[in-house]
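Descriptive analysis of the structure
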Amino acid sequence: RSVLQEQARFDDEDLSFDLHTPPTGFPPGRYHLISKNRENVEGAYLYRLSHPLGEQVLTTALHHHTPDATLRFDISGHPTKIAMVEALKGKSGVLTLERLTITSFDTEEHLLFSAFTDDGNPVDQEQCEKLFQCRAKIGPAEGLAAFGWRLAAESERHAAATVSRALETSNRHFQEERDKLEKWADDLVVAAEKELKDTKSRLKLLNRQARQATTTAEQMELQRQIVEQEKKQRRQRQRIFEVEDQIIEKRDALIARLEQQMQQKTTRERLFTVRWTVA
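Okay, so let's go over this structure. Worth saying up front: this structure is predicted, and the values here are computed from it rather than measured.

**Concerning the sheet that holds strand S1 (residues 8-11)**
- The sheet built from four strands is open, its strands ordered S1-S2-S3-S4 with mixed pairing. The open sheet has two edge strands, S1 and strand S4 (45-47), and neither has a second partner. The mean inter-strand angle of the sheet, taken between neighbouring strand axes irrespective of direction, is 25°.
- In this structure, strand S3 (residues 29-33) lies alongside S4, joined through three bridges in parallel fashion. Within S4, the residue paired with Leu33 across the bridge is Tyr47.
- Relative to S4, helix H1 (residues 52-62) is tilted by about 45°, and along the sheet it contacts strand S2 (16-19), S3 and S4.

And the structure:
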């Protein structure tokens, strides 16, 4: 909302806003938020986070400077009861939000709240998320400096725990991939070796029959089958070599992934810090 504050007039009751001075590339008009509880308004632009305007607003908001402030959350006026926030009613504290980026084989981002009340009790991640579902009045920051060391320590602990969990998850996925690879390799080798064994048994039988053949025609037919089986046997032996090459290739890729995982990098960015009160 703050991104479009000067460009639109918002109607909270109607879940809509009139965009009178749109950003370049977007039409003016009424934009209506999609709601499960209300019918779509005819003639209004349907607005959601995945709408191009919504995506631009999110991108712009991500780069907004968020100065320290005081937030007074109004749980009493909230239309529905949120038990986790109700537990904080009448209390105050401090809160900071960090973006933690973990880069290894993949890149993942985490938004981490670190918070506690004035009497030192921690406020967990889910409570903080629920807190920001409520309306709040913004005021100037007051007394944040006194809590700086505690917030920094709490943020450090939270980030370290998240990195540890991410590493455990990554290790678990690696173990699962390794187990799958070993099972796949075993199945592949066993199948290829069984085919070769069956062909060898067939060749042994044909050679025995050829030694016992009593007519030229029978001998010729058996020799033709022996030649075909010998060709098949050569192809199957080559197939085993190809299977082994495939296994080596897959294992090399798994090792490369493990090496990337071991080179894990993390970055932390503080997004905002606030004093908060729940009334």
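**As for helix H5 (residues 216-262)**
- Here H5 is 47 residues long and its end C-alpha atoms lie 69 Å apart, about the 69 Å a rise of 1.5 Å per residue gives.
- Those residues of H5 not exposed but buried are Leu222, Gln225, Ile226, Gln229, Gln233, Gln236, Ile240, Val243, Ile247, Leu254 and Gln261.
- Against helix H4 (148-212) lie the buried residues of H5.
- The N-cap of H5, judged by a side-chain oxygen 3.1 Å from the amide nitrogen of Glu218 a few residues on, is Thr215.

**Details of a positive patch on the surface**
- On the surface, Lys231, Lys232, Arg234 and Arg235 cluster together into a patch of positive charge.
- With respect to the secondary-structure elements, Lys232 resides in helix H5.
- Residue Lys232 is classed as partly exposed on the basis of its relative accessible area of 33%.

**Notes on the sheet that holds strand S7 (residues 107-117)**
- Strand order in the open sheet made by the six strands is S8-S7-S6-S10-S5-S9, with mixed pairing throughout. Looking at the sheet topology across the chains shown, the edges are occupied by strand S8 (122-123) and strand S9 (136-140).
- In this structure, strand S5 (residues 69-73) lies alongside strand S10 (residues 265-278), joined through five bridges in parallel fashion. In the strand pairing of S10, Arg72 is matched with Thr277.
- Its contacts with the sheet place H4 against strand S6 (92-103), S7 and S10, and it is angled at close to 145° to S7.

Cut-off values and rules
- Residues numbered from 1 in each chain as written.
- Predicted model: local features only at pLDDT ≥ 70, side-chain atom pairs only at ≥ 80, totals over all residues.
- Heavy atoms only, no water.
- Pairing = 2+ DSSP bridges.
- Helix = DSSP H or I, 4+ residues; strand = E, 2+ residues; numbered from the N terminus.
- Axes fitted to C-alpha atoms, helices over the stretch in contact; angles between N-to-C directions.
- Contact = heavy atoms within 4.5 Å.
- Expected span 1.5 Å × (residues − 1).
- Buried < 20%, exposed > 50% of the residue type's maximum accessible area, 1.4 Å probe, protein only.
- Polar contact = N/O pair within 3.5 Å; in protein donor to acceptor, adjacent residues only side chain to side chain.
- Patch = residues over 30% accessible without salt bridge, like charges linked within 9 Å, V, L, I, M, F, W, Y side chains within 5 Å.
- Areas by Shrake-Rupley, 256 points an atom, 1.4 Å probe, with all protein chains shown as cover.
- Salt bridge = Lys/Arg side-chain N within 4 Å of Asp/Glu carboxyl O.
- Lys, Arg positive; Asp, Glu negative; His and termini not counted.
- Charge placed at Lys NZ, Arg CZ, Asp CG, Glu CD.

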